[in-house]
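Residues per chain, in single letters:
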Amino acid sequence: MQILVDADACPVGQIIVRLAKERNIPVTMLIDTSHELSDGYSTVITVDKQADSVDYALMGLLTNEDIVVTQDFGLAAMVIGKGAKAVNQNGLVFTDKNMDRLLLERHIGQKVRRGGGRTKGPAKRSKDDDARFEAAFQQLLQDTR
């Protein structure tokens, strides 16, 4: 088992590394060339800036025993399709049961924006978001081991 992180703009990297270190689980952070990252524990893989480069690289490393941290619904759908676990930075665990709704909401939002409309952006990150992520992530680690 390993933890793979879509680390471009990932606000929970420190939580991931702390919990992984406690359990001696390897972490791989994937970023594109517009980011720099070094936490002293994780393996960092830097890919080109092309669309979805991080997603493709991550999927190439993924096994069905892994946990992926991502806020990308499309990547999460591929991860659960391969039998692995996925969670977002707010503690939402992606499953077969919620994925169709999430992808539909994403599609509708994209359609509205393409048509010139506006959609609401994410709320400012809070300590409660970190706590929800940590609880969900710990549960995934426990369930996966």
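As shown above, the structure is provided for reference.
Residues numbered from 1 in each chain as written. Predicted model: local features only at pLDDT ≥ 70, side-chain atom pairs only at ≥ 80, totals over all residues. Heavy atoms only, no water.

Asker: With reference to specific residues and values, describe the overall build of the protein chain.
Answerer: Tallying secondary structure elements over the protein chain gives five helices and six strands in all. Each helix and strand of the protein chain, ordered N terminal to C terminal, gives the series β-α-β-β-α-β-α-β-β-α-α. Its C-alpha radius of gyration of 15 Å places the protein chain within 12% of the 15 Å reference for a compact globule of 145 residues. Its C-alpha atoms give the protein chain principal-axis dimensions of about 50 × 30 × 30 Å. Considering only contacts within the protein chain whose residues lie at least 6 apart along the sequence, 50% involve residues at least 24 apart. A total accessible area of about 8,500 Å² is found for the protein chain, and carbon and sulfur atoms account for 48% of it. (Helix = DSSP H or I, 4+ residues; strand = E, 2+ residues; numbered from the N terminus. Rg over C-alpha atoms; globule rule 2.2 N^0.38 Å. Contact = heavy atoms within 4.5 Å. Areas by Shrake-Rupley, 256 points an atom, 1.4 Å probe, with all protein chains shown as cover.)

Asker: With reference to specific residues and values, describe helix α3 (residues 73–81).
Answerer: Because each turn of an α-helix spans 3.6 residues, side chains separated by three or four positions in sequence point in the same direction. Every buried residue belonging to α3 is among Gly74, Leu75, Ala76, Val79 and Ile80, and all of these are buried. For α3, the capping residue at the N-terminal end is Asp72, with a side-chain oxygen 2.8 Å from the backbone nitrogen of Gly74. (Buried < 20%, exposed > 50% of the residue type's maximum accessible area, 1.4 Å probe, protein only. Polar contact = N/O pair within 3.5 Å; in protein donor to acceptor, adjacent residues only side chain to side chain.)

Asker: Residue-level account of unusual backbone geometry, with values.
Answerer: Even without being a glycine, Asn24 presents a positive backbone phi close to 55°. We note that Asp52 has phi near 65°; this positive angle belongs to a residue other than glycine. Take Asp52: it is sitting in the loop between β3 (43–47) and α2 (53–61).

Asker: Tell me about the layout of surface pockets, and name the residues and values.
Answerer: Reported here for the largest pocket is a volume of approximately 600 Å³. Contributing to the lining of the largest pocket are 21 residues, with Gln71, Phe73, Gln89, Gly121 and Pro122 lying nearest its centre. When contributions to the lining of the largest pocket are tallied by element, the ones reaching two or more residues are α4 (96–114) and α5 (127–144). In terms of residue count, the dominant contributor to the lining of the largest pocket is α4 (five residues). In the lining of the largest pocket, the residues fall into five nonpolar, eight polar and eight charged. (1 Å grid on protein atoms, 1.4 Å probe; cavity = no way out; pocket = protein on both sides within 12 Å on 5 of 7 lines; lining within 4 Å. Points joined across faces, edges and corners; volume = space filled by probe spheres on them. Nonpolar A, V, L, I, M, F, W, Y, C, P; charged D, E, K, R; others polar.)

Asker: For empty space enclosed by the protein, give the residues involved together with the corresponding values.
Answerer: To find leftover empty space, one rolls a probe the size of a water molecule over the atoms. Following the criterion strictly, the structure yields one cavity of 30 Å³ or more and no others. The computed volume of the largest cavity comes to approximately 30 Å³. Surrounding the largest cavity, Asp6, Cys10, Val69, Thr70, Gln71 and Gln89 form its lining. Looking at the lining of the largest cavity, its residues break down into two nonpolar, three polar and one charged.

Interpretation note: all reported values are geometric properties and have no functional meaning in isolation.
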